[in-house]
Amino acid sequence: MHRTTLSTMSTSALGLGCMGMTFAYAGADHDRSLRTLDRALEEGITLLDTADIYGPRTNEELLSGWLVDHRHEVELATKFGAYSLEVEGRSPDGRPEYVGRACDASLSRLGTDVIDLYYLHRVDPLVPIEETVGAMAELVTAGKVRHLGLSEASADTIRRAHAVHPITALQTEYSLWTRDIEADILPAIRELGIGLVAYSPLGRGMLTGTITAVDDLAEGDWRRTNPRFQGDNLQHNLDLVKAVTALAEEKGVTPAQLALAWVAAQGEDIVAIPGTTRPERVSENVAALDVQLTGGDLAALDRIAPLGAAAGGRYPEGAMRVLNG
């Protein structure tokens, strides 16, 4: 595993999204999740991503026990503000007075005295971004946070935030079936020297080729409500995955490895954080960094999955309203 840099923050070239260990996807197992964290570290993954709403709270709590022995070996990222854990119905919540309390709560749950990368999970349309980031900057001054990040922010919001305090990373969805940031957001963060942390680089599991129908998803799996996994959208997207799978077979790799290799090929300033709860999947994902894509491969993938190729919104309608805020 080689190292890379998100702005001024050194980290592994691949991270681990921990959300599914307690949240959103059915069937997670506590002990297996801990083994997955062990495998990730063995494979050289040091960037771990969580958030206060995953559970809520339980994801950070799960990590805390594992971090007792490994905190000094990893870069720990968490997020706040997708919705308030104080005020019912407040979503998002970027109030300056909430920032410090949310951070202190995460520090307590994680059992650490500092967060390496602290994100605003969603931009609050009722609060100027300058005020939210100003309060986040105070956490850096206090030594509670090392680096600041934004998640799902527009190019204009990123510029305004970066003028208040350097933003180290933007976290947003980026994969072969979600490429909308290429229009203006990716150029903006590159102009500012901000790194990209790509979540759902495997299309919420679709790009692994293991999902063929909604019934493949367990009861309680939130993807059952996701437009891209429903009706005609699902069939359209399965056809896209079929084409990706065919190219992967030609190269002798798995569809997941091909999809991750594509993200890695988009630049050294991008770190993907595929989520899994299985140790063997961690090893499969890490092996993707060794997959060499030729110019022909990249051109073929551009034909298979150009911008806008996936059918359906990437979230249900209500959640779409707070993306790229």
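All figures in this text were calculated on a predicted structure; none of them were measured in a lab.

A few points about helix α6 (residues 185-192)
Inference 1: Taken residue by residue, α6 has Ile185, Leu186, Ala188 and Ile189 as its buried positions. On an axial view of α6, the arc spanned by its buried residues comes to 160 degrees, and they lie on one face.
Inference 2: The inward-facing, buried residues of α6 abut α5 (155-164), β8 (167-173) and β9 (195-199).
Inference 3: Of the residues flanking the end of α6, it is Gly193, one or two places downstream, whose phi is positive at about 80 degrees.

What about the nonpolar core?
Inference 1: Core analysis: the largest hydrophobic core is formed by 82 residues, its most contacted members being Leu16, Leu37 and Leu150.
Inference 2: Discounting residues that sit within four places of it in the chain, Leu150 has contacts with Tyr119, Leu120, Ile129, Val133, Ile158, Ala161, Ile167, Ala169, Leu170 and Gln171.
Inference 3: The next biggest cluster of nonpolar side chains, apart from the first, holds 13 residues, and it includes Ala77, Leu117, Tyr119 and Tyr199.

Thoughts on the environment of Ala40
Inference 1: Locating Ala40 in the fold gives a position in helix α1 (residues 30-42).
Inference 2: Given the relative accessible area of 0%, Ala40 is considered buried.
Inference 3: Apart from residues no more than four positions distant in its own chain, Ala40 is found in contact with Leu16, Ile45 and Val282.

Some words on the pattern of salt bridges
Inference 1: Under the defined criterion, the tally for this structure stands at 26 salt bridges.
Inference 2: Between Arg109 and Glu60 there is a salt bridge whose closest N-O contact spans 2.6 Å. Of this pair, Arg109 sits in helix α3 (residues 96-110) while Glu60 sits in helix α2 (residues 58-70), and the two are 49 residues apart along the sequence. Both residues of the pair, Arg109 and Glu60, belong to the buried class.
Inference 3: Note that Arg101 is salt-bridged to Glu86, the shortest N-O span being 2.6 Å. On the criterion of sequence distance, the pair formed by Arg101 in helix α3 and Glu86 in the loop between β5 (75-80) and α3 is long-range, its members being 15 residues apart.
Inference 4: One salt-bridge network, held together by shared partners, links Glu86, Arg90, Asp93, Arg95, Glu97, Arg101 and Asp124.

Here's the deal with the packing of aromatic side chains
Inference 1: One pass over the full model with this rule turns up 5 aromatic pairs.
Inference 2: For the ring pair Phe80 and Tyr118, a centre distance of 5.1 Å and an interplane angle of 20 degrees mean the geometry is stacked. A residue pair is termed long-range when its members are at least 10 positions apart, and Phe80 in strand β5 and Tyr118 in strand β6 (residues 115-120) qualify at 38 residues.
Inference 3: Classification of Phe80 as buried rests on a relative accessible area of 0%.
Inference 4: Overall, Tyr118 belongs to the buried group, its relative accessible area being 0%.
Inference 5: Positioned above the aromatic ring of Tyr315 is the side chain of Arg204, whose terminal nitrogen or guanidinium carbon lies 4.7 Å from the ring centre.
Inference 6: Above the plane of the ring of Trp177 lies Arg228, whose end atom (NZ or CZ) is 4.8 Å from the centre.

What counts, and at which threshold
- Residues numbered from 1 in each chain as written.
- Predicted model: local features only at pLDDT ≥ 70, side-chain atom pairs only at ≥ 80, totals over all residues.
- Heavy atoms only, no water.
- Buried < 20%, exposed > 50% of the residue type's maximum accessible area, 1.4 Å probe, protein only.
- Helix = DSSP H or I, 4+ residues; strand = E, 2+ residues; numbered from the N terminus.
- Arc of directions from axis to C-beta.
- Contact = heavy atoms within 4.5 Å.
- Core = buried A, V, L, I, M, F, W, Y, C linked by side-chain atoms within 4.5 Å.
- Salt bridge = Lys/Arg side-chain N within 4 Å of Asp/Glu carboxyl O.
- Phe/Tyr/Trp six-rings, centres within 6.5 Å; stacked < 30°, edge-to-face > 60°.
- Lys NZ or Arg CZ within 6 Å of the ring centre and 35° of its normal.

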